[in-house]
Amino acid sequence: MGDAVGRKVSEPGGPRSLLVTVAVILASTGAAVALHAALVPALENRPTFVPALLGVLIAAWARGGVAGVITGVVTGCVFHWIPVIPATNTIFSTPVDLVRLSLFAVPALAVCGVCAAMHRAQANERQRAAEARLAQQAMADLHQRFELALEAGKMIAWDWDLQSNQIVRSQGAKSSYGLDRDPIERFYDLVHPDDRAGVESAIRSAIDSGTGYEHQFRMQSRDGRTRWLMSRAHVRTNPESGVRHLTGSAVDISDRLQAEQAIRVVQERFEAFMRHFPAAAYIKDDEGRYVFVNTAVEERFGMSAGQIVGLRDADLLGAEHAAHLRTNDLQVLATGKTTEFYETQGPPGKDKTFLTYKFPVHDASGKPLVGGVSLDVTTRVRVERELKDSESRFHKMADSIPQLAWTARRDGTVDWFNRRWLDYTGITSKDFADNGWQLVVEPAQLSSLLQTWSSGLRQTGEIELVFSLRGRDGAFRPFLMKVVPLTDDKGEVLQWFGTHTDIASQVALEAQRREEDQRKDAFLATLAHELRNPLAPLRNGLEVLKRLNIPDPGWGRTQAMMDRQLGHVSRLLDDLLDISRIQHGKLELNRQRMSLSTALDLAQEMVEAFVINAGQSLVIEGADPTLEVHGDLFRLAQVFANLLNNAAKFSARGQKIRVSLRRVGFQVEAEVEDSGLGITSEQMPMLFDLFWQAPAQAAHARRGLGIGLSLVRSIIELHGGTISAESRGAGKGSVFRVRLPMAPARHLKAVEVNDRQTPEQSQACVLVADDNEDAAESLAVLLRLEGHRVVVALDGQQALEAAALHHPVAAILDIGMPRMDGFETCRQLRAQPFGGGMLIIALTGWGQAEDRRKTEDAGFNAHFVKPPQYEELVDLLRTVTGPNTDSAHAEPATEPVIVTPTPIAHLTIDLKTDATALAEGRLGDRSPSEPS
């Protein structure tokens, strides 16, 4: 830009050129005047125009003829008006001077003319040079734009001089393919081998015919990739030289071909998609004629696409059914928006309903079209209508049921309540949505309800819960809530349905039943206590009499009869209480690893006297001690004693009862078989029902309470076992089969016994305290027969006084004593210095689980129910007194031993001494503190 401005300023007429010209004129004039002044003295003061001519020459040469003329005029004026010669101030004073002036003016003008012509020639030359430079610059710019255009269009151009075989190519040929002025053979080498022959043939044909060619081929680019080119060329002849040239271009069409391929793939996919698209898809023009239809449309109308295209809906469906379709098309064209329609097609009764989405589209020219997609929803619409009707019927039915009912969405949001809910609570669906369950649920139960509801939603299972709901009057009533999920075929929850059933009356009845059960339990416990209290002295007295060795044979039979009857009464009491415990889920099992044959042996002892008295025989087979189970020894003995007792009761005299044990898989099986009355098919379903009794079909059969077999089944099931019965009919006997899970095999190891007993005094003292004097004295007699020193007390206070005096090692206390009960007596004994290690045994008529817990809490070591198992009681005393009073005193167990009583059926203990006191009525004569 600076050079251009400089050139402009220096041009004639420019500001800078004018200043330069003035400067040159002034300089030339000054030089002429100075030279004239220097020459005048040498010329003897005669003026001369030679310096002026020299100034004109300098100015004309430097700035042109005009500048020379101006310099001449200015110099002449200076010579005339400025006195440069002191003698004269004019050079025009004589005619000679005028001649001289003429002689000066002519050559000066000639010089000016010559210089002016020279300057014009120089200016023209400069103009031509500038124009040439501009033309060259324009040509360079044009070439650059041409190359850029070729590069932007991914094109190359060339010109092949067919005479000189020289090829000029555009810059793109070199940058993209490495071709510059290379010969044609180099070009052929880069063409794909499969396309090379075709390219050579096209070029030769064009040269031979003098026309041109258009050919598509592949060529390897400079980066090694294969590119597709479209080449076009023409043969031209230079009009001046007559030389022929092949001039052409090639454009890279790889991207275009890829785009075309992608479009073809998309088009093929679209066509395949439309062929398999289940919905009818179509496009109509603005006049309603079909321009495109898919396979579903063809199938709907039973025509091919070629037959449908160009037709209107009126042509296919009739004007009546097509009118509303055309209305919908026009609406979409007018609004330009996608719109959803439900369209019905076909005659009434055979019509179908379609869910149609119509949308505006345009063709290539911009003409508006209507596209549509139609789904056959006839079945869905019918199902929705049926569901709506069903829902209406459901709501009417739900409004008529007595329960409060509601439905909720799958996330648990309640969306509907029935009329009963509104009548009871006064809470609407909107009120419930805003505030939730806290509106109607008792605050203390709200957290539990929400937790249960949340857990049920996650587990998608049924929910059942009892809680109280608030009514319109503000009062709460108990309701049973039951919620079930409504699922689809895949098990996914669609909805929840819940009901609330008013159970206020049931709750009241349940409370009443519990109260009655408690009264019944209390009655049974009291009855057992009151019956066991007289049984205890009877049992003790019988044991004493058995030791008297009375020789009378009749006495032996009487003794056996008394023994059997006492055992029978004890078993009846036990069975009554056990049935009550089982019904209330309170029966506890003291389970341990045991041999089932041990339970059978104990049961045999319990019924042996009864079986012998009935003149029957008992045979036990397969009594393998390795057949072990995890069970309660005494409860299982009770089971088999009941079964054996039944077998004996319903069998005739002289018959045999068989018991067998065997292993069956992972179970132990015990069979009790008799040949007695048998069981009919009508009796079999009721055999194990509570209080059911078989009819007395024989003289020897005796009726019981009807609780034995029910108790047996309950105890077996508590052990995880089963019991079944078989019989071939009346009079053909029966088989009872018990199966129990077998205990896993155990690994035995040696156990080292540490005997910690230390010698004590020869006779250890035992304290007996019972307000039933007969029971206390009879027990004292039995203990004395065992060699113990016994102290008897009739209430708790006397027991404390006797203990302080005699320091007993063991105490046997009744619970229900006057002045101080057994619980407090035990606590007081434990508080004494000598009572910490004392063995304290509870002997009471109370045998419930709660009674045992109370004795344990009070500090008792053991709990026996009257009448006790005498041998167990003696064995427990021996742990602190030693056998026959000569053994050592062992420290009693720190944890109480709970012993479950079993009825005494047959005990053989020899009577030793001094049992006559019981027969003479002298057992109650001793003072409470007197040692026996």
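About the criteria used
- Residues numbered from 1 in each chain as written.
- Predicted model: local features only at pLDDT ≥ 70, side-chain atom pairs only at ≥ 80, totals over all residues.
- Heavy atoms only, no water.
- UniProt positions renumbered as here; feature names shortened; annotations may be inferred.
- Helix = DSSP H or I, 4+ residues; strand = E, 2+ residues; numbered from the N terminus.
- Buried < 20%, exposed > 50% of the residue type's maximum accessible area, 1.4 Å probe, protein only.
- Contact = heavy atoms within 4.5 Å.
- Areas by Shrake-Rupley, 256 points an atom, 1.4 Å probe, with all protein chains shown as cover.
- Pairing = 2+ DSSP bridges.
- Axes fitted to C-alpha atoms, helices over the stretch in contact; angles between N-to-C directions.
- Phe/Tyr/Trp six-rings, centres within 6.5 Å; stacked < 30°, edge-to-face > 60°.
- Right-handed = clockwise from strand over helix to strand, strands pointing away.
- Core = buried A, V, L, I, M, F, W, Y, C linked by side-chain atoms within 4.5 Å.

Looking at an unreviewed UniProt entry, one finds the chain named histidine kinase and attributed to Panacagrimonas perspica. The Catalytic activity (unreviewed entry) comment attached to the chain in UniProt states, word for word, "ATP + protein L-histidine = ADP + protein N-phospho-L-histidine."

> Which parts of the structure should I look at to understand the overall build of the chain?
Looking only at helices and strands, the chain has 28 helices and 28 strands in total. The buried share among the 932 residues of the chain stands at 41%. Counting contacts in the chain only where the partners sit at least 6 residues apart, residues at least 24 apart contribute 59% of the total. Total accessible area on the chain stands at roughly 50100 Å², and carbon and sulfur atoms take up 55% of it.

> Help me understand the sheet that holds strand 1 (residues 155-161) in this model?
Strand pairing within a sheet occurs via backbone hydrogen bonds; the two strands may be parallel or antiparallel. With antiparallel pairing, 5 strands are arranged side by side in an open sheet as 2-1-5-4-3. The outermost strands of the open sheet, each flanked by one partner alone, are strand 2 (166-169) and strand 3 (212-220). Between one strand and the next, the sheet's axes are offset by a mean angle of 25°, whatever the strand orientation. In the packing of helix 8 (residues 193-209) onto the sheet, contacts are made with strand 1, strand 3, strand 4 (226-237) and strand 5 (244-252), and the angle to strand 3 comes to roughly 155°. Contacting strand 3, strand 4 and strand 5, helix 9 (residues 254-276) crosses the sheet at an angle of about 125° to strand 4.

> Hey, could you run me through the pairing of strand 9 (residues 352-362) in this one?
Two faces make up the sheet, and in a regular strand the side chains alternate between them. Bridge count between strand 8 (residues 339-345) and strand 9: 7 bridges; the pairing is antiparallel. The residue bridging Glu343 from the neighbouring strand is Phe354, located in strand 9. One ladder, built from 9 bridges, connects strand 9 with strand 10 (residues 368-376); its direction is antiparallel. Looking at the pairing, Pro360 lines up with Val370 of strand 10. In sequence, strand 9 turns back onto strand 10 through a hairpin of 5 residues, with Gly366 there showing a positive phi of about 90°.

> Got a minute to help me understand the packing of aromatic side chains in this structure?
In this description, a pair of aromatic rings is defined by centroid distance and the angle of the planes. Considering all chains together, one arrives at 15 aromatic pairs under this definition. Judged by centre distance (5.7 Å) and plane angle (70°), the rings of Trp406 and Trp437 are edge-to-face. One end of the pair, Trp406, is in strand 11 (residues 404-409); the other, Trp437, is in the loop between helix 16 (429-435) and helix 17 (443-459), and 31 residues separate them in sequence. For the residue pair Trp406 and Trp437, the accessibility class agrees, reading buried in each case.

> What am I meant to see in the pairing of strand 25 (residues 810-813) here?
Of the two faces of strand 25, the one lined by Ala810 and Ile812 and the one lined by Ala811 and Leu813 are each fully buried. Bridging between strand 23 (residues 765-769) and strand 25 involves 4 bridges; their strand directions are parallel. Pairing of Ala769 across the sheet is with Leu813, part of strand 25. Examined bridge by bridge, strand 25 and strand 26 (residues 839-844) share 4 bridges and lie parallel to one another. What sits directly across from Ile812, in strand 26, is Ile841. Remark: the strand 25/helix 25 (residues 822-831)/strand 26 crossover connection has right-handed handedness.

> Would you mind going over unusual backbone geometry with me for this structure?
A negative phi holds for most residues other than glycine; trans holds for most peptide bonds. Of note, the amide linkage connecting Lys866 to Pro867 takes the cis form, showing an omega dihedral of -15°. If you check the backbone angles, His807 has positive phi at about 50° while not being a glycine. Structurally, His807 is set in the loop between helix 24 (796-806) and strand 25. Take His807: its relative accessible area is 45%, and that puts it in the partly exposed class. Not every positive phi belongs to a glycine, and Arg819 is a case in point at roughly 65°.

> Help me understand the nonpolar core in this model?
Taken as a class, soluble globular proteins show a tendency for nonpolar side chains to be buried jointly. Among the nonpolar cores identified, the biggest contains 41 residues, and Leu596, Leu636, Phe640, Leu643 and Phe736 are the most heavily contacted of them. Secondary-structure elements contributing two or more residues to this core are helix 20 (596-613), helix 21 (633-649), strand 19 (656-664), strand 20 (667-674), helix 22 (708-718), strand 21 (722-726) and strand 22 (734-741). Counting 25 residues, the second largest nonpolar core, distinct from the first, contains Tyr188, Val199, Ala206 and Phe217.

> Help me out: how do you make sense of the sheet that holds strand 15 (residues 493-502) in this one?
Judged by pairing direction, the sheet is antiparallel, and its 5 strands sit side by side in the order 12-11-15-14-13 without closing on themselves. Unpaired on one side and paired on the other, strand 12 (414-417) and strand 13 (463-470) mark the two borders of the sheet. Each neighbouring strand pair of the sheet contributes to a mean axis angle of 25°, computed without reference to strand direction. Taken together, the 8 bridges between strand 13 and strand 14 (residues 476-487) define a ladder with antiparallel strand orientation. By the bridge assignment, Ile463 is partnered in strand 14 with Val483. Sheet strands in contact with helix 14 (residues 378-400) are strand 11, strand 12 and strand 15, and its direction is about 65° off that of strand 12. Along the sheet, helix 17 makes contact with strand 11, strand 13, strand 14 and strand 15, crossing strand 13 at roughly 150°.

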